[in-house]
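Chains, contacts and geometry: an overview
One-letter residues, chain by chain:
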Amino acid sequence: PLRFKPGRRALRDPDPVIGVRPVPRFLALDLHRDYIHVCRLMPHPNGAKIRHSRFPNTPQAWSPFIATEIDRDTWVAFEVTANAFEIHDLLSPHAGKVLVVKPSAVKERGAGRKTDRADTERLVTGLAQGTLPVVWVPPEESRVLRRLLRLRQRTDSRRKAVGNHLRALLPNFIAVPAGKDVAVWLQNHPGTLERLSADDRVLLGSLLRQYRVLQEGGSPVRENVRKRRARRWLEEHNRLVPANVTR
């Protein structure tokens, strides 16, 4: 069994309100799509015991887990995953400390078989020892902006791919000028498609519809990104420039 012996000062560090500061309870979580694996380390001068459990990764299961397991004397750690920041936001108002850990943290703490039990035991030990490498948790506004930027990039990439496909399928005698939007150019030259065969018109018509859908769908995303960036610039400007400065 793992042994964890906190020093005498850790056990008896005075607290201005309750007199003696309680020893934290340490929890490590392994986040999965369908379930959460929990590893608990209860420190004591005579040693520590580890207990494992799991619960479904659903809002209905998180509520009783937080109510019975998490309080201001609880420290929680888990590796960064797709939904790690959301779990951080969920637990932070209730726990004493919530750490989002680098994915390499478990590997750095020793080789061996990678299982939920082994991974969380390494995490909870590092949490108790204070040796886990953590990642920065960006604020919600930054996370939303990142998602929007990724969506904009994917949409623009798909739109450009469809546009390149359109250009490649046009015969040599129909040359769209370089740098011109192919859909706009074809719309301004309605007689161009009439020069194509029936099969080519069907194919190009389908690609044009895809291109326009991607173009129209990307416009709200680009506008949202523009507004959020402008708001962030204004907030940063107001933070750096004193309010009493006159121009």
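So, on to the overall build of the protein. Each helix and strand in the protein was counted, giving eight helices and seven strands. A buried classification covers 34% of the 247 residues belonging to the protein. Accessible surface for the protein amounts to roughly 15800 Å². Of this, 54% is attributable to carbon and sulfur atoms.

Relative to the assigned elements, L91 resides in helix α3 (residues 84–91). Given a relative accessible area of 0%, L91 falls into the buried group. Residues L91 and W75, spaced 16 residues apart in sequence, show a C-alpha to C-alpha distance of 10.0 Å.

Let us now look at the pattern of salt bridges. Going through the model one piece at a time under the given rule, you end up with ten salt bridges. D34 is the partner of R33 in a salt bridge, and the nearest nitrogen-oxygen pair spans 3.2 Å. Under the relative-accessibility criterion, R33 is labelled exposed at 71%. By relative accessible area, which is 48% here, D34 ends up partly exposed. Close ionic contact of R122 with D119 constitutes a salt bridge, the shortest N to O distance being 3.4 Å. Separated by three residues within a single helix, R122 and D119 lie in helix α5 (residues 116–129), roughly one turn from each other. Accessibility classification places R122 together with D119 in one group, the buried group. In the salt-bridge network here, residues are joined through shared partners; they are E86, D89, E140, R143 and R147.

Along helix α2 (residues 59–69), the positions that sit buried rather than exposed are A61, W62, F65 and I66. Down the axis of α2, the sector holding all buried residues measures 130°, keeping them to one side. Seen from the buried face of α2, the exposed residues on the opposite side, beyond 90 degrees, are Q60, A67 and T68. Where α2 is buried, its residues touch β3 (25–31), β4 (35–42), β5 (49–56) and α3.

What counts and what doesn't
Residue numbering note: each chain is counted from 1, following its sequence as written. Per-residue local features of the predicted model are confined to residues with pLDDT of at least 70, and side-chain atom pairs are confined, for both listing and counting, to 80 or more; whole-chain, interface and lining totals are unaffected and use all residues. Excluded from the side-chain calculation are hydrogens and water; included are all heavy atoms of the structure. Helix and strand definitions here come from DSSP, where helices need a minimum of 4 consecutive H or I residues and strands a minimum of 2 consecutive E residues; each element is numbered from the N-terminal end. Per-residue accessibility, obtained with a 1.4 Å probe over protein chains only, is compared with the maximum for each type, and a residue is labelled buried under 20%, exposed over 50%, and partly exposed between these values. A 1.4 Å probe and the Shrake-Rupley method give the accessible areas. Residues count as covered only by the protein chains that appear here. By definition, a salt bridge exists where a carboxyl oxygen of Asp or Glu is found within 4 Å of a side-chain nitrogen of Lys or Arg. Regarding the arc, it is the one traced by the directions from the helix axis to the C-beta atoms. We call two residues in contact when some of their heavy atoms are within 4.5 Å.

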